[in-house]
Amino acid sequence: TFSALLAHGLAADETKQVALLDIDICGPSIPKMMGLEGEQVHQSGSGWSPVYVEENLGVMSVGFLLSSPDDAVIWRGPKKNGLIKQFLRDVDWGEVDYLIVDTPPGTSDEHLSIVQYLSATHIDGAVIVTTPQEVSLQDVRKEINFCRKVKLPIIGVVENMSGFVCPKCKNESQIFPPTTGGAEKMCQNLNVSLLGKVPLDPQIGKSCDRGQSFLAEAPESPATLSYRNIIQSESENHCANESPRFRALLCCAV
């Protein structure tokens, strides 16, 4: 969800070219979230063509290669790795300003492959997404440790589902209580940046099911404001960073 909305938010600047690569091989949900379910990948003289949401927002996913959204992808590591390499090598992305890579939870084949294959491009870093409760933070600490071991910079952590703001009374309730201090405390302990907190909003799930951009459908939602603050921070950092030709961002969700 965060990867899809990050892509929508960055692509709102029509001067930027955004690419969204889904490497969640066994659970490719990006096509549905982006309203591209049922689309097919087309071959051109320069390789596979991404499926475009907008002129400046291209998407690639194994979901486009399946005959049905319900088909299970039952692959061992080498076949997954081969497809990820093919997505990077054979897809005609064109000139892009942002490459957003949506990864599955964990620290396994997909993560190792993408870090290895993009090592020469100097990945800008990982955006790690968590929820406030300790069960989630346990896994996120492993993700942070993984990034440090493979020398992948950590852009920061986003706390998703961070409280629920009642649309009527505007009071906030903690649906997932941060019993150990949530992402904020974890970031302080591990010396990583907290990029922001996104509150729960039922409209996010509805928008994803319909393949619509929540940012456009609910522009005044507290969650939209949180997303926009995070995206604006990312854009400003990109403008200040003159060295790479494009930004490669890995979104690791738990």
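Up top you'll find the structure we're talking about.
Residues numbered from 1 in each chain as written. Predicted model: local features only at pLDDT ≥ 70, side-chain atom pairs only at ≥ 80, totals over all residues. Heavy atoms only, no water.

Q: Can you lay out the overall build of the chain for me, pointing to particular residues and giving the numbers?
A: When helices and strands are counted, the chain shows 9 helices and 12 strands. On C-alpha atoms alone, the chain measures out to a radius of gyration of 18 Å, which is about the 18 Å that the 2.2 N^0.38 rule sets for 254 residues. Each principal axis of the C-alpha atoms in the chain carries an extent, and together these give about 55 × 40 × 40 Å. Each of the 254 residues in the chain was classed as buried or not, and the buried ones make up 47%. Put simply, of all contacts in the chain between residues at least 6 apart along the chain, 75% involve residues at least 24 apart. Accessible surface for the chain amounts to roughly 12,400 Å². Of this, 49% is attributable to carbon and sulfur atoms. (Helix = DSSP H or I, 4+ residues; strand = E, 2+ residues; numbered from the N terminus. Rg over C-alpha atoms; globule rule 2.2 N^0.38 Å. Buried < 20%, exposed > 50% of the residue type's maximum accessible area, 1.4 Å probe, protein only. Contact = heavy atoms within 4.5 Å. Areas by Shrake-Rupley, 256 points an atom, 1.4 Å probe, with all protein chains shown as cover.)

Q: Which residues make up the nonpolar core, and what are the values?
A: Phe2, Leu21, Met60, Ile114 and Leu250 are the most contacted members of the largest nonpolar core, which totals 73 residues. Element by element, the count of residues in this core is highest for helix H1 (residues 2–11), at 7 residues. Those residues in contact with Ile114 that lie beyond four places of it in its chain are Leu21, Ile23, Ile84, Leu88, Val101, Ile123 and Leu250. (Core = buried A, V, L, I, M, F, W, Y, C linked by side-chain atoms within 4.5 Å.)

Q: Any details on the packing of helix H5 (residues 134–149) against helix H6 (residues 182–190)? Residues and values, ideally.
A: Two numbers describe how H5 lies on H6: the axes approach to 11 Å, and their chain directions differ by 35 degrees. At the point where H5 passes H6, the crossing takes the right-handed sense. Taken together, the residues of H6 that come into contact with H5 (itself represented by Leu137, Val140, Arg141, Ile144 and Arg148) are Gly182, Ala183, Met186 and Leu190. (Axes fitted to C-alpha atoms, helices over the stretch in contact; angles between N-to-C directions. Left-handed = near helix turned anticlockwise from the far one by under 90°.)

Q: Lay out the layout of surface pockets with the relevant residues and their values.
A: Taken as a whole, the largest pocket encloses approximately 420 Å³ of empty space. Lining the largest pocket we find 24 residues, and of these Thr1, Phe2, Met33, Asn160 and Met161 sit closest to its centre. Those elements giving two or more residues to the lining of the largest pocket turn out to be H1, helix H2 (30–33), strand S6 (98–103) and helix H7 (202–210). For the lining of the largest pocket, the class distribution of residues is 13 nonpolar, 8 polar and 3 charged. Approximately 230 Å³ is the volume attributed to the second largest pocket. Contributing to the lining of the second largest pocket are 15 residues, with Pro31, Glu37, Gly63, Ser68 and Pro69 lying nearest its centre. Of the residues that constitute the lining of the second largest pocket, the class distribution is 6 nonpolar, 6 polar and 3 charged. (1 Å grid on protein atoms, 1.4 Å probe; cavity = no way out; pocket = protein on both sides within 12 Å on 5 of 7 lines; lining within 4 Å. Points joined across faces, edges and corners; volume = space filled by probe spheres on them. Nonpolar A, V, L, I, M, F, W, Y, C, P; charged D, E, K, R; others polar.)

Q: Describe in detail unusual backbone geometry, supporting the description with residues and values.
A: The residue Lys151 is not glycine, and still its phi comes out positive at about 60 degrees. Relative to the elements of secondary structure, Lys151 occurs in the loop between H5 and strand S8 (154–159). Lys151 gets classed as exposed once you look at its relative accessible area, which sits at 73%. Here the phi dihedral of Asn191 falls at roughly 60 degrees; this positive angle occurs in a residue that is not glycine.

Q: Got a sec to walk through the pattern of salt bridges? Specific residues and values, please.
A: Applying the stated criterion across every chain yields a total of 6 salt bridges. Note that Glu184 and Lys197 form a salt bridge whose closest N and O atoms lie 3.2 Å from each other. Placement of Glu184 in helix H6 and of Lys197 in strand S11 (residues 194–197) is noted, with a sequence separation of 13 residues between them. Note on Lys197: relative accessible area 35%, which makes it partly exposed. (Salt bridge = Lys/Arg side-chain N within 4 Å of Asp/Glu carboxyl O.)

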